[in-house]
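# Observations on chain architecture
Residues per chain are reported as follows:
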Amino acid sequence: MGKTYERIDGRLRTFIESQPVFFTATAPLAGDGTVNLSPKGLKGSFAVLDETTVAYLDFAGSNAETIAHLRENGRITLMWCAFQGPPSIVRVHGRGEPVFRDDPRFPALLARFPDIDPARHGLRAIVVVRAELVRDTCGYAVPFMTYDEDRDLHARRFEREDDASLSDYFRGKEHVASSLDGLPGLPLPLPPSTV
């Protein structure tokens, strides 16, 4: 039932770009470390950069587990499920890295996301993932669900923050500068925003 792909193109690319939500999974190297699974959404915050590379915008939140795990070991899996139409699940297993706002690559990467205003969401980093294994599976047990629209709560919460107040917000959260397992998370204070 499942198939392995060498690249993200054609039907596969169309499928993942059309999904309103995807999931990221990461873990620390320590066998007793905390595995993290996060939902990601917001239209325009995901991009296929080329046939083996994808990226998404990492916005303000109360944790930074994915960033911490990527900084430690780079392992990540992204997953999309078809909640409408024919059943399908696509996973991209690969190596990821957070590209922070002071990285020289940041402006060119940010330009790949023209359909969202990142300033409204407290942009922390851009996560770039290089695919090592791309697979799909049937998804027969995934239920039908409808997508109505993105919530506006995230933008309403974070659009009023500037770089200094956003850094203060992150400092006040227990697991942003370091992960649940004590790994380095988001570097603080945030570098100045370029948006």
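Everything in this summary refers to the structure shown in the same document.

Rules and cut-offs
- Residues numbered from 1 in each chain as written.
- Predicted model: local features only at pLDDT ≥ 70, side-chain atom pairs only at ≥ 80, totals over all residues.
- Heavy atoms only, no water.
- Helix = DSSP H or I, 4+ residues; strand = E, 2+ residues; numbered from the N terminus.
- Rg over C-alpha atoms; globule rule 2.2 N^0.38 Å.
- Buried < 20%, exposed > 50% of the residue type's maximum accessible area, 1.4 Å probe, protein only.
- Contact = heavy atoms within 4.5 Å.
- Areas by Shrake-Rupley, 256 points an atom, 1.4 Å probe, with all protein chains shown as cover.
- Lys, Arg positive; Asp, Glu negative; His and termini not counted.
- Charge placed at Lys NZ, Arg CZ, Asp CG, Glu CD.
- Arc of directions from axis to C-beta.
- 1 Å grid on protein atoms, 1.4 Å probe; cavity = no way out; pocket = protein on both sides within 12 Å on 5 of 7 lines; lining within 4 Å.
- Points joined across faces, edges and corners; volume = space filled by probe spheres on them.
- Nonpolar A, V, L, I, M, F, W, Y, C, P; charged D, E, K, R; others polar.
- Salt bridge = Lys/Arg side-chain N within 4 Å of Asp/Glu carboxyl O.

### Some thoughts on the overall build of the chain
- Within the chain one finds five helices and eight strands.
- In sequence order, the secondary structure elements of the chain are arranged as β-α-β-β-β-β-α-β-β-α-β-α-α.
- Taking 2.2 N^0.38 as the reference for a compact globule, 195 residues should give roughly 16 Å; the C-alpha atoms of the chain span a radius of gyration of 17 Å, in line with that estimate.
- Dimensions along the principal axes, computed over C-alpha positions, put the chain at roughly 50 × 40 × 30 Å.
- Every one of the 195 residues in the chain was classed for burial, and the buried ones make up 46%.
- Counting contacts in the chain only where the partners sit at least 6 residues apart, residues at least 24 apart contribute 73% of the total.
- Accessible surface, the chain: about 10,100 Å² in total, of which carbon and sulfur atoms supply 52%.
- Taking the average location of the 23 positive side-chain charges in the chain and that of its 27 negative ones, the two points are 2 Å from each other.

### Side note on the side chain of Thr66
- The topology assignment puts Thr66 in helix H2 (residues 65-72).
- With residues near it in sequence (within four places) discarded, Thr66 still touches Thr24, Thr26, Asn36, Ser38, Tyr56 and Ile76.

### Some points on helix H1 (residues 10-18)
- For H1, every residue scored as buried is listed here: Leu12, Phe15 and Ile16. Viewed along the axis of H1, the buried residues span an arc of 90°, placing them on a single side of the element.
- Where H1 is buried, its residues meet strand S1 (3-5), strand S4 (46-50), strand S6 (75-81), strand S7 (89-100) and strand S8 (125-137).

### Quick look at the layout of surface pockets
- Volume-wise, the largest pocket comes out at about 800 Å³.
- Forming the boundary of the largest pocket are 29 residues, of which Pro39, Lys40, Gly41, Leu42 and His154 lie nearest the centre.
- Elements with a minimum of two residues in the lining of the largest pocket: strand S3 (36-40), strand S5 (53-58) and H2.
- Counting residues per element, the lining of the largest pocket draws most heavily on S3, at four residues.
- Here the lining of the largest pocket is built from residues that sort into 12 nonpolar, nine polar and eight charged.

### Focus: the pattern of salt bridges
- Under the definition given, this model contains 13 salt bridges.
- The salt bridge partner of Glu17 is Arg13, with a shortest N-O separation of 3.1 Å. Of this pair, Glu17 and Arg13 are both found in helix H1, four residues apart, which corresponds to roughly one turn of the helix.
- Look at Arg13 and you get partly exposed, because its relative accessible area is 29%.
- A cluster of three or more residues bridged by salt bridges with shared partners is formed by Glu97, Asp103, Arg105 and Arg130.

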